[in-house]
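Given next are the chains, with one letter for each unit.
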Amino acid sequence: VSSTASAGKNRWGDGRVRITSVSVHQQEYNPSGADLQIEIKATVKQPIDDPVVGFMIKNAANEPLTGINTKIQKQHLGQLRTGQKIEVTWTLLNIFSDGRYYINAAVSHHNEIDQCDWWEDAAEFRVLKENFVPFSIYPPIDVKVKKYP
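Bear in mind the structure is a predicted one, so any value in this text is a computation, not a measurement. (Residues numbered from 1 in each chain as written. Predicted model: local features only at pLDDT ≥ 70, side-chain atom pairs only at ≥ 80, totals over all residues. Heavy atoms only, no water.)

We now examine the confidence of the model for the protein chain. Low pLDDT marks regions whose predicted coordinates should not be analysed in detail. With 89% of its residues at a pLDDT of 70 or more, the protein chain shows a mean pLDDT of 88. The least confident element of the protein chain, judged by mean pLDDT, is strand β1 (residues 2-4) at 46; the most confident is strand β6 (residues 48-49) at 98. The low-confidence segment residues 1-7 (pLDDT under 50) makes 23 contacts with residues lying over four places distant or belonging to another chain. (pLDDT = per-residue confidence, 0-100. Helix = DSSP H or I, 4+ residues; strand = E, 2+ residues; numbered from the N terminus. Contact = heavy atoms within 4.5 Å.)

Next up, the structure:
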């Protein structure tokens, strides 16, 4: 599933960098627990020094579950010039339970306070797993049972 820049009204920021798309490369994730791959593309509208690109995943109840950004991951974008395009792709283990999930995407100034572009509900994805658990996450869990007389 993916979203484009024309979608979504819940956006704000100074526009120095503009997110052009947010994608999840597969819409539904099967019982095998395939990794999630989230991609954010953006275009620089005005020169900026070392912006931060990140995302947050929320559940259908709008509760934040996880998120990350390039600064936390020690990936520095450096000085960017007008017209330059950037693409950031994250791969993470699909530990989510069955349900719909929504991605907020953001590009901020290096201080992580001033936003260039914050896009609420920029993309969504659905998880379907073989076993249902009533929790937000369902990481791989091994179990061993021993029986004794």
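This is not the end of the story, as more comes after the structure.
Turning to the layout of surface pockets, a few remarks are in order. In this structure, the second largest pocket occupies an estimated 180 Å³ of space. Along the wall of the second largest pocket there are 15 residues; nearest its centre are Gly54, Phe55, Asn69, Ala106 and Trp118. Listed by contribution, the elements that provide at least two residues to the lining of the second largest pocket are β7 (52-59), β8 (64-69), β11 (99-108) and β12 (115-127). (1 Å grid on protein atoms, 1.4 Å probe; cavity = no way out; pocket = protein on both sides within 12 Å on 5 of 7 lines; lining within 4 Å. Points joined across faces, edges and corners; volume = space filled by probe spheres on them.)

Time to look at the pattern of salt bridges. Here the structure, examined in full by the defined rule, presents 8 salt bridges. In this structure, arginine 100 engages glutamate 124 in a salt bridge whose closest nitrogen and oxygen atoms are separated by 3.0 Å. Of the two residues, arginine 100 sits in strand β11 while glutamate 124 sits in strand β12, which places them 24 residues apart along the sequence. Overall, the relative accessible area of 28% leaves glutamate 124 in the partly exposed class. Because the salt bridges share partners, they merge into one network encompassing Arg11, Arg18 and Asp117. (Salt bridge = Lys/Arg side-chain N within 4 Å of Asp/Glu carboxyl O. Buried < 20%, exposed > 50% of the residue type's maximum accessible area, 1.4 Å probe, protein only.)

This part takes up the environment of glutamine 79. By secondary structure assignment, the location of glutamine 79 is in strand β9 (residues 79-80). Taking the C-alpha atoms as reference points, glutamine 79 and aspartate 50, separated by 29 residues in sequence, lie 5.5 Å from one another. The contacts of glutamine 79, once residues within four sequence positions are left out, are Pro47, Ile48, Asp49, Asp50 and Gln84.

Quick look at unusual backbone geometry now. One non-glycine residue with positive phi stands out, namely asparagine 62, at about 70°. Inspection of the secondary structure puts asparagine 62 in the loop between β7 and β8. Its identity is not glycine, yet aspartate 121 carries a phi of approximately 55°, on the positive side. By the secondary structure assignment, aspartate 121 is in strand β12.

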